[in-house]
Amino acid sequence: AAGVIQSPRHLIKEKRETATLKCYPISRHDTVYWYQQGPGQDPQFLISFYEKMQSDKGSIPDRFSAQQFSDYHSELNMSSLELGDSALYFCASRQRTGLNTEAFFGQGTRLTVV
Amino acid sequence: KQEVTQIPAALSVPEGENLVLNCSFTDSAIYNLQWFRQDPGKGLTSLLLIQSSQREQTSGRLNASLDKSSGRSTLYIAASQPGDSATYLCAVQNSGYSTLTFGKGTMLLVSP
């Protein structure tokens, strides 16, 4: 079965540019999470969606926004990029209820801001 | 606010050794706990999920235990191999609706 798919895998942007990261969750998973992982850091929660509605918000800067679409894929939009935004961005999905509530992560998008 | 701590931060062992990684959490009212493996610059691979009602889970050479009352989980790796070298992350979820809170991980190096 296909896992969580993220695109692109790598992205290089200049300061003050915008970036859009995409996430395609596992089929039938109703919850999507976005995490940011800086070098040598643990993943930090940004935002989550349940059934296409924002369900929780973490340390997401105001310059970032996200949404989940009718086909359940999600996009993280990042504007006015700063050098400190360089990180691995992960998307995860899970089924909130049921027998298997395990969270599965994508391979991540490595964003480099220069 | 849930806080997750992993000890040790780094561990180096010779091939073949059995080892234990520790994870502790401050709020014992968890929904589940999940162990992940992360290779450098790569994604997180789920290893084991323990529901709050369970005491342990096993997968191959891996065994994870959970003691909710003491706020602890351990990941036991039997007969370690160089291919086990990676960072191991523990994450807890306080409810079915909440996010995963991660520890900072244990970086494991298994030398041949």
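Above this note sits the structure.
Residues numbered from 1 in each chain as written. Chains lettered and ligands numbered in written order. Predicted model: local features only at pLDDT ≥ 70, side-chain atom pairs only at ≥ 80, totals over all residues. Heavy atoms only, no water.

### A few points about the interface of chain A and chain B
Thought 1: Taken residue by residue, the interface counts 20 residues in chain A and 22 residues in chain B.
Thought 2: Both faces considered, chain A and chain B share a buried interface measuring about 1800 Å² in area, 49% of it formed by carbon and sulfur atoms.
Thought 3: For chain A, the biggest contributors to the area lost against chain B are Asp42(A), Arg96(A) and Phe105(A); these three give 27% of the whole.
Thought 4: Applying the counting criterion to the chain A and chain B interface returns one salt bridge.
Thought 5: Between Asp42(A) and Lys104(B) there is a salt bridge, with the nearest N and O atoms lying 3.0 Å from each other. (Contact = heavy atoms within 4.5 Å. Buried area = accessible area lost by both parts, 1.4 Å probe. Salt bridge = Lys/Arg side-chain N within 4 Å of Asp/Glu carboxyl O.)

### Some points on the pattern of salt bridges
All names here are of chain A.
Thought 1: The full count for this structure, using the stated rule, is six salt bridges over all chains.
Thought 2: One salt bridge connects Lys 22 with Glu 75, and the closest N-O pair in it is separated by 3.9 Å. Remark: Glu 75 occurs in strand β8 (residues 74-78) and Lys 22 occurs in strand β3 (residues 19-24); sequence separation between them is 53 residues.
Thought 3: Residue class for Lys 22 comes out partly exposed when judged on its relative accessible area of 31%.
Thought 4: Residue Glu 75 is classed as buried on the basis of its relative accessible area of 13%.
Thought 5: Each of Arg 63, Glu 82 and Asp 85 takes part in salt bridges that share partners, so that together they form one network. (Helix = DSSP H or I, 4+ residues; strand = E, 2+ residues; numbered from the N terminus. Buried < 20%, exposed > 50% of the residue type's maximum accessible area, 1.4 Å probe, protein only.)

### As for the sheet that holds strand β7 (residues 64-68) of chain A
Residue and element names in this part refer to chain A.
Thought 1: Read from one edge of the open sheet, four strands run β1-β3-β8-β7, paired in antiparallel fashion. Unpaired on one side and paired on the other, β1 (5-7) and β7 mark the two borders of the sheet. In this sheet, adjacent strand axes meet at a mean angle of 15 degrees when their direction is disregarded.
Thought 2: With five bridges joining them, β7 and β8 adopt antiparallel strand pairing. Looking at the pairing, Gln 67 lines up with Glu 75 of β8. (Pairing = 2+ DSSP bridges. Axes fitted to C-alpha atoms, helices over the stretch in contact; angles between N-to-C directions.)

### Re the state of the cysteines
Thought 1: Applying the stated criterion across every chain, the model contains two disulfides over all chains.
Thought 2: Across the disulfide, Cys23(A) is cross-linked to Cys91(A) (sulfur-sulfur distance 1.7 Å). Where Cys23(A) bonds to Cys91(A) through sulfur, the torsion about that S-S bond is close to -50 degrees, and the disulfide is left-handed. Here Cys91(A) lies in strand β9 (residues 87-94) and Cys23(A) lies in strand β3, a separation of 68 residues in the sequence. Each member of the pair, Cys23(A) together with Cys91(A), is buried.
Thought 3: Across the disulfide, Cys23(B) is cross-linked to Cys90(B) (sulfur-sulfur distance 2.0 Å). Every disulfide takes its handedness from the sign of the S-S torsion; for Cys23(B) and Cys90(B) that torsion is -55 degrees, giving left-handed. Here Cys23(B) is found in strand β3 (residues 19-25), whereas its partner Cys90(B) is found in strand β9 (residues 86-93), with 67 residues between them in sequence. The same class applies to Cys23(B) and to Cys90(B), which are both buried. (Disulfide = S-S within 2.5 Å.)

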